[in-house]
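# Descriptive structure summary
Listed here are the chains, written in short residue letters.
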Amino acid sequence: MNTDIIMYHLPIPMLLEITPESWLIAGVGYTVVFLVLLVLFLVFATIPRILGTYSRARKMGRDFQENLRQAGKEKIGKEDPTIVTGEVAAAIATALNLYLNDHHDEENPTLTINKISRNYSPWSSKIYGVMNTPNRNNR
Amino acid sequence: MNTDIIMYHLPIPMLLEITPESWLIAGVGYTVVFLVLLVLFLVFATIPRILGTYSRARKMGRDFQENLRQAGKEKIGKEDPTIVTGEVAAAIATALNLYLNDHHDEENPTLTINKISRNYSPWSSKIYGVMNTPNRNNR
Amino acid sequence: MNTDIIMYHLPIPMLLEITPESWLIAGVGYTVVFLVLLVLFLVFATIPRILGTYSRARKMGRDFQENLRQAGKEKIGKEDPTIVTGEVAAAIATALNLYLNDHHDEENPTLTINKISRNYSPWSSKIYGVMNTPNRNNR
Amino acid sequence: MDGILKLYAYTGFANFTWGHLVMILVGLGFIFLAIRYEYEPLLLVPIGFGILIGNIPFMENVGLQLGIYEQGSVMNYLYKGVTLGIYPPLIFLGIGAMTDFSTLISSPRLLLLGAAAQLGIFITFLGALYLGFLPAEAAAIGIIGGADGPTAIFLSSKLANGLNGTQNLIGPIAIAAYSYMALVPVIQPPVMRLLTSKDERKIRMKPPRAVTQQEKILFPIVGLLLTAFITPSALPLLGMLFFGNLLKESTVTKRLAETAKSSLIDTVTIILGVTVGASTQASVFLTPQSIQIFGLGAASFVVATAGGILFAKFMNLFLPKDDKINPLIGAAGVSAVPDSARVAQTEGLKADPNNHLLMHAMAPNVAGVIGSAIAAGILLSYLG
Amino acid sequence: MDGILKLYAYTGFANFTWGHLVMILVGLGFIFLAIRYEYEPLLLVPIGFGILIGNIPFMENVGLQLGIYEQGSVMNYLYKGVTLGIYPPLIFLGIGAMTDFSTLISSPRLLLLGAAAQLGIFITFLGALYLGFLPAEAAAIGIIGGADGPTAIFLSSKLANGLNGTQNLIGPIAIAAYSYMALVPVIQPPVMRLLTSKDERKIRMKPPRAVTQQEKILFPIVGLLLTAFITPSALPLLGMLFFGNLLKESTVTKRLAETAKSSLIDTVTIILGVTVGASTQASVFLTPQSIQIFGLGAASFVVATAGGILFAKFMNLFLPKDDKINPLIGAAGVSAVPDSARVAQTEGLKADPNNHLLMHAMAPNVAGVIGSAIAAGILLSYLG
Amino acid sequence: MDGILKLYAYTGFANFTWGHLVMILVGLGFIFLAIRYEYEPLLLVPIGFGILIGNIPFMENVGLQLGIYEQGSVMNYLYKGVTLGIYPPLIFLGIGAMTDFSTLISSPRLLLLGAAAQLGIFITFLGALYLGFLPAEAAAIGIIGGADGPTAIFLSSKLANGLNGTQNLIGPIAIAAYSYMALVPVIQPPVMRLLTSKDERKIRMKPPRAVTQQEKILFPIVGLLLTAFITPSALPLLGMLFFGNLLKESTVTKRLAETAKSSLIDTVTIILGVTVGASTQASVFLTPQSIQIFGLGAASFVVATAGGILFAKFMNLFLPKDDKINPLIGAAGVSAVPDSARVAQTEGLKADPNNHLLMHAMAPNVAGVIGSAIAAGILLSYLG
Ligand code: NA
Ligand code: NA
Ligand code: NA
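Residues numbered from 1 in each chain as written. Chains lettered and ligands numbered in written order. Predicted model: local features only at pLDDT ≥ 70, side-chain atom pairs only at ≥ 80, totals over all residues. Heavy atoms only, no water.

## Examining the overall build of chain D
The secondary structure content of chain D amounts to 20 helices and zero strands. Its C-alpha atoms give chain D a radius of gyration of 22 Å, near enough to 21 Å, the size a compact globule of 384 residues would have. A principal-axis box enclosing the C-alpha atoms of chain D has dimensions of 85 × 45 × 40 Å. Counting across all 384 residues of chain D, residues that qualify as buried make up 77%. For chain D, contacts bridging at least 24 residues in sequence account for 77% of all contacts bridging at least 6. In the structure as shown, chain D presents an accessible area of about 9800 Å², 67% of it carried by carbon and sulfur atoms. Across chain D, 22 positive and 19 negative side-chain charges occur, with their mean positions spaced 8 Å apart. (Helix = DSSP H or I, 4+ residues; strand = E, 2+ residues; numbered from the N terminus. Rg over C-alpha atoms; globule rule 2.2 N^0.38 Å. Buried < 20%, exposed > 50% of the residue type's maximum accessible area, 1.4 Å probe, protein only. Contact = heavy atoms within 4.5 Å. Areas by Shrake-Rupley, 256 points an atom, 1.4 Å probe, with all protein chains shown as cover. Lys, Arg positive; Asp, Glu negative; His and termini not counted. Charge placed at Lys NZ, Arg CZ, Asp CG, Glu CD.)

Have a look at this one:
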């Protein structure tokens, strides 16, 4: 609504002191950023232990059949969550390899997209009505 | 524009009678809903007969070649439209089977999507410019 | 904002002469359209020559290894850009053939899309929560 | 020290009320139901997370532009699509583009079940009047019985939007509608078992006939003209629904239908869900009216289910012995696509493990969408 | 009884006029042409269905917020993208992202054919003035001859929008433009045969040279700078066209080009089509002016076709014997991508079954898009 | 003759200034860097082309509605999403839907590096005050050190938008932020080598543990509640970031996450990029302040990098010998995802060709996004 924007008025004299309040904003601000991420760190350092206990308790109370049914779903959750297994390490290595050697492969997946949309070239652009072939009118 | 919304004013005394007009709205309203869908029912009960006649009339007037040309297009229209054929029944059965046994398969198609977009993981997020490899600058 | 649109007021008498200014607008307008596209023509008739010179100069200054590295990238640029090679001609012919004989094939690629989204039919419409199978509640 | 206190005054802790906690728990509950039981996850996850966002306590009206009801906040801009009634027609466009009306075309008599189940709307309208709501508010509450989220949001944005002396009930009505739609597998079965005999639940229905492409193309066109001539006020919803369906069935506009039913509807769903969720800010949501609305909503689903089932039984009185309707599919007339059709299927299988009703239940199911949009149109004509 | 009468008064039957019927038949005709003959279906289906939606009779200005010209209706909000000229540049963005300018880069002299065919615009401008339209209106009508829907909508939303004493002609101009674009395969062939000899139609053209990626990248950049420096007022259209094309050709922004040419353009096409259709509400559309505009539009397509062909023949006077232009491809300069290029191909094949002109005709075809955007910019500078 | 002169007066040539040329060269430079070196091409191509569009000279304020600062122009409408702060949260929604927080969940202590690197923001804030900017302006300039484009645009649209006596610095701040983000591979390595010993650069870190789906689902929910309770004013950004991430991780809303991270974010990126580019119209962009802002921005990236590295070294003082942090990954705390993580990887490989740090560097990298959003929230609380 109010878009009467005041643009680039005259430069303000550079003598303006940095007020104590500004120092405070900077100090408190940086501290609070740390604080928030520290709290997040503490919580996520705790969560695996809580989840671990909970899962184990639940696991005992469940019968074998139930376990089987959920096998697929919770597979990753059942592994020891504190250490990387061989497969995971392999996957990471593969990802790194992919990253390091084969950038252009990252574009390959779009080939699928291109195939899907190849009918939108100007020759056949649906937006302009590709099927509208003149010769059909003469049949 | 006028977004000064009046929120949750005081509860109105519950003594307000349901006026005859309100009964009328409810009665007429429910009736009209029926009426509209009844008309729709009658029309769509009639349409197949109209189309049937029309198709048959047209079918006679068309030569063999024309029939051939349109074969693909109107295949389904040429079958007796009043009864389900074996194939259709099989298709329905398959659909039901799919529905009943294999929910997770419904997610499978998204694998294709995932494959297409796997290059947008944070490792290679295009939005953040994946190709911008620092080592390129050193070559 | 100002959407009080004046619609279709009374027809204006058809006697209004076409003013000299209007003739001028038409004449100058048509000329300028030509002018712009003429300039564009001249520039793009010149660019290949500029690029050609530039490439050749650069090519000499580059060592063999560098050439190899960029081989994939600039392949098309290294071919004589003034004549269509056999492969390109073949590609054009194929495109034409595709155009002339096989319109419906243009729709085929969407099959992929359909496969991807077949789980959005009303039977399994995710927007309506497909996984919400009632029988799960009874397990 | 002063600066630190000032910052503390802005935190969620300083502005906390118990209402915030209640709503945050509700939001977490929605997310839990969506992920654990997969109840309508595409709606409950956005709405649930929206409830969290909307109930982070903050200092209001100090120019921070955070709240959904504060001018200039992002949420407020995105929420305009709800309050101005723009998102629901766009959702209907996408639904039209993904809905196959074949079963309805092949068995048009089942359309009537979709009409019958709208009983919930009108009974709830009367109930809300009895509880003291204004007529316009009562109509908006009644539409919860239509079991259709976009229709509920559309009508409440027109009738109970805080203007003309009405209360702004968009939030509670939308939350109630989506909650009960998610709970259809819990609400409907008892009603269905109560109102049908075991023999009725075993009725087998004739397989539907195949439908030609011509009929599929004609359906949205004829459907628009017929429904809109009788109730033009349903046009914003039904016009878009049938438009989307024509894009799907025309065979020549596939790419438009594809976009309408994927990125377009997804984008609107994301934004609609999160803003409707955020509109439940504790200070405006936790009111006696909201409780009443939730009570009326539960009743409306029960009445709607009963309406569909009983009308199916009524139709059976006139139908030949070998062509009766299984009354379970009457329950699917409430809309709540496709959950209520699934409920019919499941209950049918319990009575006879070889009797698949899903295909048949889809017909009243989609008819219910049309039916409740028409009901919304009528209520809008009278009370708009 | 009173309540029933009130409801009847709201129905389409009570508000019916013959104008509504006429427009509904027009809408059905559009849909029929689109589905049966696949004439520009991506535009005619939305426009046709929009005509139906816009011509359901209803009671206006009683607060129902249904009509596209009523404040607060969904259609009115969506239509703002048309009246404010926002949709056409977004469509151009998508068109840029899907257009391959290679043939134009390899044969830049064919750019001139795209200029020549804009004759239709300026002649029609004069014709509209002669029929008594105001200059601004006449310019908007003239642009129909550009054979480009978004350009026509953009210019008419700026020049003939009901402000500054002009009439609101957006609807008729848009409908005329799209109608004749769909009818290009019917309109152009007679003109082409009239103005060319059989020998001319048999002229074979040299195969185009291959184009490097560098040239493709330079084209949108250089194209923007050159065209916009001379006619800055074409910037909203050409800026977006070349921007989309750079996204396509840069090789590093594929995913943006992909979105621009699929979900973005599709969404805008759906909404633009249905609102332009709905804007033809009988009460504002069925006027003598609309008839005049349709007449002028037909003439403009004929003149534009003739302009392109005759200029090709004129160029041949100066070209070496073995490097002449087949004048049929001059007709493709009108834009109407890619239909008019297809017409050139078909007519060429009739004269010589081995002479494929499609590739060559694409050059003037896309040049025509640029040409008519420039023409729109010039008219806007003079009359805006 | 008069008419021709009038037309000439409208051309870019007649309105040309050297400022236009400078900015056009800058725009061409952006496009060149993006295509030739693939520096952040998804942003630099739209911004670069936007600079070209915004710096075509034209006659302002004569009703042509061309310029981004002219009411009624398309660019002006699209730019509103920038000035009203709507696009950045939508971008964050998409980023959330494409970000995998696994490494952060498995090594939460690395969150602190994402906090440490925000030092650049607050030092730059003080620096800008010293140079004479108003506090609100200084805060907006400081956020460049957050190395996050959407956050920079969001905060400057709230604090340095030309209202309340401030200057409109959105353009220069956005351009500076994106420029330096693109130049991260050039700016960071010298700082990293200066502040670390060869032995430190060789530190090998323990492989991260696997993360359960439960943890991934909990992360956005817990993350929202914790961060937003402490700094509610970061809600528009963090709310959407975590919302997008829940859509990704919930497992039941894949199609919504898919749309959020493809067509939705792409569309917003296209429009945001081109309008931010066009907002650099020479007449408002080429000012001494812009130069100062570019200087401050460069400094802020250096300080931020140093902050992350030094804090990693500080943490190592307290960590057991076999579980130290390689200080190189501290530099990734600036955000600039994923470029600064890549820089850490590359520098690590130079010290030890078998020490892959990428995986570890992603944790502070995404933590930096959260960190700078929180910093923006705090600055908004104080100065908004
Ligand atoms: Na319903
Ligand atoms: Na044209
Ligand atoms: Na950051």
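Read on for the rest.
## Description of the packing of helix H5 (residues 87-98) of chain F against helix H15 (residues 235-249) of chain F
All names here are of chain F. Axis separation between H5 and H15 bottoms out at 6 Å; the angle between their running directions is 35 degrees. Where H5 crosses over H15, the handedness of that crossing is right-handed. Facing H5, whose interface residues are Pro88, Pro89, Phe92, Leu93, Ile95, Gly96, Ala97 and Met98, H15 presents Pro236, Leu237, Met240, Leu241, Phe243, Gly244, Asn245 and Lys248. The residue inventory of the contact of H5 with H15, partitioned by class, reads twelve nonpolar, three polar and one charged. (Axes fitted to C-alpha atoms, helices over the stretch in contact; angles between N-to-C directions. Left-handed = near helix turned anticlockwise from the far one by under 90°. Nonpolar A, V, L, I, M, F, W, Y, C, P; charged D, E, K, R; others polar.)

## A word on the coordination of the sodium ion (ligand 1)
Residue and element names in this part refer to chain D. Coordination of the sodium ion (ligand 1) by the protein comes from Gly146 (O), Val334 (O), Ser335 (OG), Gly368 (O) and Ser372 (OG), over a distance range of 2.1 to 3.1 Å. Look at where the donors of the sodium ion (ligand 1) fall in the sequence and you get G-x187-V-S-x32-G-x3-S. Taken as a pair, Gly146 in the loop between helix H9 (135-142) and helix H10 (149-159) and Ser335 in the loop between helix H18 (288-316) and helix H19 (339-351) lie far apart in primary sequence, 189 residues in all. Taken as a pair, Gly146 and Ser335 share a single burial class, namely buried. (Donors = N, O, S within 2.8 Å, 3.2 Å for Na, K, Ca; no water.)

## So, unusual backbone geometry
A cis amide bond, omega -10 degrees, links Val337 of chain D with the succeeding residue Pro338 of chain D. Despite not being glycine, Gln65 of chain D has its phi angle at roughly 55 degrees, a positive value. Mapped onto the fold, Gln65 of chain D is located in the loop between helix H3 (41-54) and helix H4 (74-83). With a phi close to 50 degrees, Ala336 of chain E is a non-glycine residue in the positive phi region. In this structure, Ala336 of chain E sits in the loop between helix H18 (288-316) and helix H19 (339-351).

## Let's talk about the nonpolar core
Counting 512 residues, the largest nonpolar core has Phe49 of chain D, Phe49 of chain E together with Phe49 of chain F as the members making the most contacts within it. Apart from residues no more than four positions distant in its own chain, Phe49 of chain D is found in contact with Ile31 of chain D together with Pro220, Ile221, Leu224, Gly239, Phe242, Phe243 and Leu246 of chain F. (Core = buried A, V, L, I, M, F, W, Y, C linked by side-chain atoms within 4.5 Å.)

## A closer look at a nonpolar patch on the surface
On the surface, a nonpolar cluster with roughly 420 Å² of combined accessible area is contributed by Phe16, Trp18, Leu21 and Leu25 of chain D. Within the element layout of this structure, Leu25 of chain D appears in helix H2 (residues 18-36). (Patch = residues over 30% accessible without salt bridge, like charges linked within 9 Å, V, L, I, M, F, W, Y side chains within 5 Å. Salt bridge = Lys/Arg side-chain N within 4 Å of Asp/Glu carboxyl O.)

## A look at the packing of aromatic side chains
A complete count under the given rule lists 51 aromatic pairs over all chains for this structure. Seen from their ring centres, Tyr30 of chain A and Phe34 of chain A are 5.2 Å apart, and the 80 degrees between their planes marks the pair as edge-to-face. Note that Tyr30 of chain A and Phe34 of chain A are positioned in helix H1 (residues 20-61) at a spacing of four residues, about one turn of the helix. The class of Tyr30 of chain A is buried, set by a relative accessible area of 18%. Both rings, one in Tyr69 of chain F and one in Tyr79 of chain F, keep their centres 6.1 Å apart while their planes meet at 85 degrees; by these two values the pair is edge-to-face. Here Tyr79 of chain F lies in helix H4 (residues 74-83) and Tyr69 of chain F lies in the loop between helix H3 (41-54) and H4, a separation of ten residues in the sequence. A residue is classified by how much of its surface remains accessible, and Tyr69 of chain F, at 25% relative accessible area, is partly exposed. In textbook terms, an aromatic cluster arises when at least three aromatic residues are bridged by ring pairs, as seen for Tyr30 and Phe34 of chain A together with Phe122, Phe311, Phe314 and Phe318 of chain F. Stacked on the ring of Tyr37 of chain D, the Lys or Arg Arg36 of chain D has its end atom at 5.5 Å from the ring centre. (Phe/Tyr/Trp six-rings, centres within 6.5 Å; stacked < 30°, edge-to-face > 60°. Lys NZ or Arg CZ within 6 Å of the ring centre and 35° of its normal.)

## So, the confidence of the model for chain D
With 99% of its residues at a pLDDT of at least 70, chain D reaches an overall mean of 92. For this predicted complex, the interface score ipTM comes out at 0.82, alongside a pTM of 0.85. (pLDDT = per-residue confidence, 0-100.)

## Overview of the packing of helix H10 (residues 149-159) of chain E against helix H11 (residues 170-182) of chain E
Residue and element names in this part refer to chain E. H11 packs onto H10 with a crossing angle of 165 degrees between their chain directions and a minimal axis gap of 9 Å. Classified by the angle between their axes, H10 and H11 sit roughly antiparallel to one another. Pair H10 / H11 crosses with right-handed handedness. Counting all contacts with H10, which are made through Gly149, Pro150, Ala152, Ile153, Ser156 and Ser157, the residues of H11 involved are Ile170, Ile173, Ala174, Ala177, Tyr178 and Met181. Broken down by class, the residue content of the contact of H10 with H11 amounts to nine nonpolar, three polar and no charged. (Parallel < 35°, antiparallel > 145°, perpendicular 65-115°, else oblique.)

## Comments concerning the pattern of salt bridges
In this structure the tally under the stated criterion is 27 salt bridges over all chains. Note that Arg342 of chain E and Asp339 of chain E form a salt bridge whose closest N and O atoms lie 3.6 Å from each other. Of this pair, Arg342 of chain E and Asp339 of chain E both sit in helix H19, separated by three residues, roughly a single helical turn. A single salt-bridge network, built from bridges that share partners, covers Arg193, Glu347 and Lys350 of chain D.

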